[in-house]
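Per-entry structural report
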Amino acid sequence: MNKVIEENKKGKEVKSVVKEETPNLDEVFLADNDESINLVPILSKSEIVQEKKKVKLNIGSILSIIIFLTITIIIVLFSTISKIQVQKAQGELSKQEVEVKQLSSVILSNEEILRRIYLYQDISSNQYSARKIFEYFTQIASNLGDIELDQFDFQSVKSVSFEGKCPSLDDLAKFWYLLSEDELVSRVSLEQFNKLDSVVKFEFKITMKEGNFSTNLDEKKE
Amino acid sequence: MALPNMQKTVRKQEGISEKIKNTRLKIKDLIIPIIVSMILLFISIFVFIPMLKEAFNYRTELKEIKSKQEQLIKLKQSIESISEDQLNDDLIEVKSVIPRTLKVASFLYYIDELARLKNLTSDKISASDVNIGIVDKNRQQDSNQYKGVNGPLAYKGSLENILNFLDNFYYSSPYIVSPQNISLTKSAELWEVELSLTGYYVSEEENLVVNIYKPFKPYTDFADVMEILKEKSKKLNAPVK
């Protein structure tokens, strides 16, 4: 009897030692009823959680591979389709180029005509009426009386110089004033004047406002 | 009996701890994912990015090709809107007014004829070839290089006739002419006009290459200028009186 009691006591002590060594509930065996030796240890709760994590990890890897493959396929398809579209478009463009090049004689003839049209426009845009300029300044001079203009140099559509003579410096000053106040004149310069006996010779250089004496070639087409 | 039980328990515990140790994430477990990740990264950098770049280049090229196609369609429509027979007729007429070469005699004939009609007497007449550069501000393009025949002319006559002469020589000459440095001087009762007159021509270009992608402007858009040039051509082709 005593032996049985001692053995029971020892068993209880061992169990209590085992319980004390057990760190927490997670590592307690789920099935620990049999007395046989379990060579393959049974999974604890924490092991099951870790195993589940592994499965999740594997699903994650598979999903990643699927996404990667999808991206690969999309990129390859995008590139291939773009290339095919470019090749097709290039083919069509080449056909169009051949068709248009057959009309190159028309393009060349058109260019030949255009060169001449542009030349005409260039020339006509710089033309001015020497008659209009002459008559305009002669009119101003004649309004003053004895002023006579006897030489004109037409330099451009905006610039003219003329020489003339008048009886006195007073007339010259009046003429100068009228010119400088004229609405079509932007700048007047008395280049020189010379008084000889009763005659004053002078030379004016006039800069005119643009567009007032230009020749409209179309309106004069007769 | 107690000892074997204890040993069994200890073994179980050892098994558990071993198992736990085995389930822990170790560095060697990470080697394969890291290698795979690196491979993917390399594939992305060296395969995907160039492929994407290439694909986007294709898209850009495609856009350019489409734009060229549209341009060619418009060009073809513009060309087809021009009657080829009319174009050839117009080209002949325009070339007669602004020829590929301008003979001095042809150029001066009409001016001299006008002076004669206005009762002006010739003082000086000569001409020589020149190159002329004209910059057109409106078209914002490089200066156009033209060739011309240029020469000083001098005529003497009454003021009214001189002014009529100056007014009319733009229109009397069937060629395109432009006067420069006009000088009007009174001498006794008569006036003398001196000017430098240029007649223009367009020399033939060699090795003309058609650039079909150059902006095309049909000459028919300049109907007003064409009319003037045709008038001049008619004058040129009319029998000399």
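Note: the structure precedes this text.
So, about the overall build of chain B. The number of helices and strands found in chain B is 6 helices and 5 strands. Along chain B, helices (α) and strands (β) appear in the sequence α-α-α-α-β-β-β-α-β-β-α when read from the amino end. For chain B, with 241 residues in total, the buried portion stands at 21%. Counting contacts in chain B only where the partners sit at least 6 residues apart, residues at least 24 apart contribute 70% of the total.

Attention shifts here to the interface of chain A and chain B. Taken together, the 66 residues of chain A in the interface contact 69 residues of chain B. Take the side of chain A that touches chain B: its biggest share by element is 20 residues, from helix α2 (residues 45–101) of chain A. Residues of the side of chain A that touches chain B, tallied by class, amount to 28 nonpolar, 18 polar and 20 charged. Note: strand β1 (residues 148–154) of chain A against strand β4 (residues 177–187) of chain B, 4 bridges, orientation antiparallel. Counterpart to Phe-154 of chain A in the pairing with β4 of chain B is Ile-182 of chain B.

Next up on the list: the nonpolar core. All names here are of chain B. Ile-176 and Val-193 are the most contacted members of the largest nonpolar core, which has 60 residues in total. With 6 residues, the single largest contributor to this core is strand β5 (residues 190–201). Sequence-distant contacts of Val-193, that is, excluding residues within four places in its chain, are made with Ala-154, Tyr-155, Ile-162, Phe-165, Leu-166, Ile-182 and Leu-184.

All names here are of chain B. The interhelical angle for the contact between helix α4 (residues 104–117) and helix α5 (residues 159–172), taken along N-to-C directions, is 145°, at an axis separation of 10 Å. Relative to α5, the crossing made by α4 is right-handed. Within the contact between the two elements, α4 uses Tyr-110, Ile-111, Leu-114 and Ala-115 and α5 uses Phe-165, Asn-168, Phe-169 and Ser-172. Here the contact of α4 with α5 is composed, by residue class, of 6 nonpolar, 2 polar and no charged.

Turning next to unusual backbone geometry. Residue and element names in this part refer to chain A. The backbone phi angle of Asp-197 is positive, close to 50°, even though this residue is not glycine. By secondary structure assignment, the location of Asp-197 is in the loop between β3 (185–196) and β4 (199–208). Residue classification places Asp-197 among the exposed residues on the basis of 5 C-beta atoms within 10 Å.

On to helix α2 (residues 27–81) of chain B, then. Residue and element names in this part refer to chain B. The end-to-end C-alpha distance of α2, which contains 55 residues, comes to 78 Å, matching closely the 81 Å that a straight helix rising 1.5 Å per residue would cover. Bending of α2 peaks at approximately 35° at the position of Ser-44. Little of α2 is tucked away: 1 of the 55 residues are buried.

Reading guide: rules and limits
Residues numbered from 1 in each chain as written. Chains lettered and ligands numbered in written order. Predicted model: local features only at pLDDT ≥ 70, side-chain atom pairs only at ≥ 80, totals over all residues. Helix = DSSP H or I, 4+ residues; strand = E, 2+ residues; numbered from the N terminus. Buried ≥ 20, exposed ≤ 12 C-beta atoms within 10 Å, placed from the backbone. Contact = placed C-beta atoms within 7 Å. Nonpolar A, V, L, I, M, F, W, Y, C, P; charged D, E, K, R; others polar. Pairing = 2+ DSSP bridges. Core = buried A, V, L, I, M, F, W, Y, C linked by C-beta atoms within 7 Å. Axes fitted to C-alpha atoms, helices over the stretch in contact; angles between N-to-C directions. Left-handed = near helix turned anticlockwise from the far one by under 90°. Expected span 1.5 Å × (residues − 1). Bend = angle between axes of the 7 residues up to and from the residue.

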